[in-house]
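Chain by chain, the residues run as shown.
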Amino acid sequence: MLITNALVIQKDKIIKTDVLVKDGKIAQIGEGLMDDEVLDLGGKYLAPGFVDIHNHGGYGYDYMDNTVEAFENILRFHSDNGITSAVASTVTAPKETIEKTLSVAREVVAKKGAHAKLLGVHLEGPYLSFQNKGAHAPAYLRVPAQDDYEYLLKNADIIRQITISPELEGSVELTEKLVEKGIVVSMGHDNAILPEFLPVIKAGATNLTHLFCAMSMVVMRNNKRYVGLREYGLIDDTLTAELIADNHHITPELFKMIYKCKGADGICLISDCLRAGGMKQDGKLYSLGQKDDPTSMQFKVSDGVAVLADGKTYAGSIQPISQMLRNIVFDGGVPLVEAIKTVSLTPARIVKADKEIGSIEVGKCADFCVLNKDLFVEQTIIEGKILKKEEVQS
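Owing to the predicted nature of the structure, the values given are computational and were not obtained by experimental measurement.

Turning our attention to the overall build of the chain. Across its full length, the chain holds 10 helices and 24 strands. The C-alpha radius of gyration of the chain comes to 20 Å, within 12% of the 21 Å expected for a compact globule of 394 residues. With the C-alpha coordinates aligned to their principal axes, the bounding extent of the chain is approximately 70 × 45 × 40 Å. With 394 residues in all, the chain has 61% of them scored as buried. Once local pairs closer than 6 in sequence are excluded, the contacts in the chain between residues at least 24 apart make up 69%. Placing the 43 positive and 53 negative side-chain charges of the chain at their respective mean positions leaves the two points 1 Å apart.

With respect to the helices and strands, threonine 380 occurs in strand E23 (residues 377–382). Taking the relative accessible area as the measure of exposure, threonine 380 reaches 4% and is therefore buried. Apart from residues no more than four positions distant in its own chain, threonine 380 is found in contact with Ser79, Gly82, Ile83, Thr84, Phe368, Lys385, Ile386 and Leu387.

With that settled, the discussion passes to the sheet that holds strand E21 (residues 314–316). Pairing within the open sheet is antiparallel, and its 4 strands lie in the order E18-E19-E20-E21. Whereas interior strands pair on both sides, the edge strands pair on one side only; in this sheet they are strand E18 (286–288) and E21. Neighbour-to-neighbour, the strand axes of this sheet turn through a mean angle of 50°, independent of strand direction. The sheet contact formed by E18 and strand E19 (residues 297–302) spans 3 bridges and is antiparallel.

What follows is about empty space enclosed by the protein. If you walk through the whole model with that rule in mind, you get 4 cavities of 30 Å³ or more. Here the largest cavity is characterised by a volume of approximately 90 Å³. In terms of lining, the largest cavity is formed by 16 residues, of which the most central are Val91, Thr92, Leu288, Gly289 and Ser296. Space inside the second largest cavity adds up to approximately 60 Å³. It is helix H9 (residues 336–342) that contributes the most residues to the lining of the second largest cavity, 3 residues altogether.

Another aspect to go through is unusual backbone geometry. In this structure, the amide linkage connecting glycine 125 to the following residue, proline 126, adopts the cis form with an omega of 15°. Note on placement: proline 126 falls in the loop between strand E10 (117–124) and helix H3 (150–154). One non-glycine residue with positive phi stands out, namely asparagine 223, at about 60°. With respect to the helices and strands, asparagine 223 occurs in the loop between strand E14 (219–221) and strand E15 (224–226). On the accessibility criterion, asparagine 223 (77% relative accessible area) is exposed.

Moving on, we come to the packing of aromatic side chains. Within the structure shown, the criterion is met by 6 aromatic pairs. On the basis of an interplanar angle of 10° and a centroid distance of 6.0 Å, the ring pair of phenylalanine 255 and tyrosine 259 is categorised as stacked. Of this pair, phenylalanine 255 and tyrosine 259 both sit in helix H7 (residues 252–262), 4 residues apart, which is roughly one turn of that helix. When its relative accessible area of 3% is taken as the criterion, phenylalanine 255 is described as buried.

On to the sheet that holds strand E16 (residues 240–243). Strand order across the open sheet formed by 8 strands is E6-E9-E10-E11-E12-E13-E16-E17, with parallel pairing between neighbours. For this open sheet the edge positions go to strand E6 (50–55) and strand E17 (267–269), each flanked by a neighbour on one side alone. Judged from the 4 bridges that link them, E6 and strand E9 (residues 83–89) form a sheet pairing that is parallel. Of the residues in E9, the one forming a bridge with phenylalanine 50 is isoleucine 83. Of the strands in this sheet, E6, E9 and E10 touch helix H1 (residues 68–79), which is tilted by about 135° from E9.

What follows deals with a negative patch on the surface. Together, Glu169, Glu173, Glu176 and Glu180 give the surface a local cluster of negative charge. Tracing the backbone shows glutamate 169 in the loop between strand E11 (159–164) and helix H4 (171–180).

Every buried residue of helix H5 (residues 194–203) is listed here: Phe197, Val200, Ile201 and Ala203. Taken around the axis of H5, the buried residues stretch over an arc of 160°, which confines them to a single face. Looking at the packing, one finds that the buried side of H5 touches E11, H4, strand E12 (184–187) and helix H6 (229–235).

Right, let's get into the environment of alanine 6. With respect to the helices and strands, alanine 6 occurs in strand E1 (residues 2–9). Accessibility expressed as a relative area gives 0% for alanine 6, which makes it buried. Between the alpha carbons of alanine 6 and leucine 46 there is a distance of 6.0 Å; along the sequence they are 40 residues apart. Among all residues touching alanine 6, those that are not within four sequence positions of it are Ile15, Lys16, Thr17, Leu41, Lys44 and Leu46.

Another aspect to go through is the pattern of salt bridges. Scanning the model with the defined rule gives 15 salt bridges in all. As a salt-bridge pair, glutamate 361 and lysine 11 come within 3.6 Å of each other at their nearest N and O atoms. Pair noted here: glutamate 361 is in the loop between helix H10 (345–350) and strand E22 (368–371) and lysine 11 is in the loop between E1 and strand E2 (14–22), with a separation of 350 residues, a long-range link. Between aspartate 374 and lysine 373 there is a salt bridge, and its shortest N-O distance comes to 3.5 Å. Taken together, the salt bridges that share partners define one network made up of Lys11, Glu361 and Lys364.

The rules behind these values
Residues numbered from 1 in each chain as written. Predicted model: local features only at pLDDT ≥ 70, side-chain atom pairs only at ≥ 80, totals over all residues. Heavy atoms only, no water. Helix = DSSP H or I, 4+ residues; strand = E, 2+ residues; numbered from the N terminus. Rg over C-alpha atoms; globule rule 2.2 N^0.38 Å. Buried < 20%, exposed > 50% of the residue type's maximum accessible area, 1.4 Å probe, protein only. Contact = heavy atoms within 4.5 Å. Lys, Arg positive; Asp, Glu negative; His and termini not counted. Charge placed at Lys NZ, Arg CZ, Asp CG, Glu CD. Pairing = 2+ DSSP bridges. Axes fitted to C-alpha atoms, helices over the stretch in contact; angles between N-to-C directions. 1 Å grid on protein atoms, 1.4 Å probe; cavity = no way out; pocket = protein on both sides within 12 Å on 5 of 7 lines; lining within 4 Å. Points joined across faces, edges and corners; volume = space filled by probe spheres on them. Phe/Tyr/Trp six-rings, centres within 6.5 Å; stacked < 30°, edge-to-face > 60°. Patch = residues over 30% accessible without salt bridge, like charges linked within 9 Å, V, L, I, M, F, W, Y side chains within 5 Å. Areas by Shrake-Rupley, 256 points an atom, 1.4 Å probe, with all protein chains shown as cover. Salt bridge = Lys/Arg side-chain N within 4 Å of Asp/Glu carboxyl O. Arc of directions from axis to C-beta.

Here is the structure:
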């Protein structure tokens, strides 16, 4: 397939050129290319496919419903919004439930389908602090030193990333073992101070789970002031930072400050989208995590954001990455080339998939997102195949 008359968004510039796709890969980029199958974009943007490394659900489903149907519908919601690769996120839950999610994810990866590609699983917990647990069920929180986490190491083939709270006893040892297995360690949902999280960074932690959300901040302890991960994350260039740029969790003003400190190479937009994504917002209660678990936290949608049933705590987002891209461009003032990097190359690099996806380069997967001048998604292309867009509003 030849994609022609396109404004191609590359890593450092936008150029009007053609892209030739062969066998699901980008074969050539340039002018004067030819092929029997031609897709004329009429001057629209051709962006690299979006990569969402932290999302929980969509179209009424949560990954922890633990069925292939749930996974496929969630991935379809995200691919309808420009995502070509995704990492499925869990919430804190019993070991058996987590293991089931990992098993279903492995099945979905092998099966593939007409939706965003699943790269693996992100475990958000169970090693999170009680103080900054956010919407995670407290009954299932664990401390690494007091828990048998061998099952995580045995599932390193499907686990891409794990979020841990670095001040918990045993976090350093757990981080070392996870990193040795090739699993990305992200810090968040914590109550840590500098002397507690620095050893975990030294042990190999490289990412921050939704910076400024459910995260430690400046505190006084024993008459001494300590920075938290919120502040330290802004100055340590070895750490990448996830951002929920929905203009609620991260406001435009806060985003501008973070972008000034981290730049596009240090920022990864995540949807953190829950099962309510893509649904009619009728005030109903939804479950976070497994649908039939009576202990699951309940949330509702209020003023465009998910909140716990009491209305006092953010539970997550209902926006897809595509809307967040528009937020940071039109409200945050980020140049389009840099903004695209935060939803493609940077997240791909965080989960070590950037050799295959994340940018429009010869040899990489032919994963694209077609955007109009207002940056709305018009087409999603995965390995050279144009996906049919289906919307669910029930």
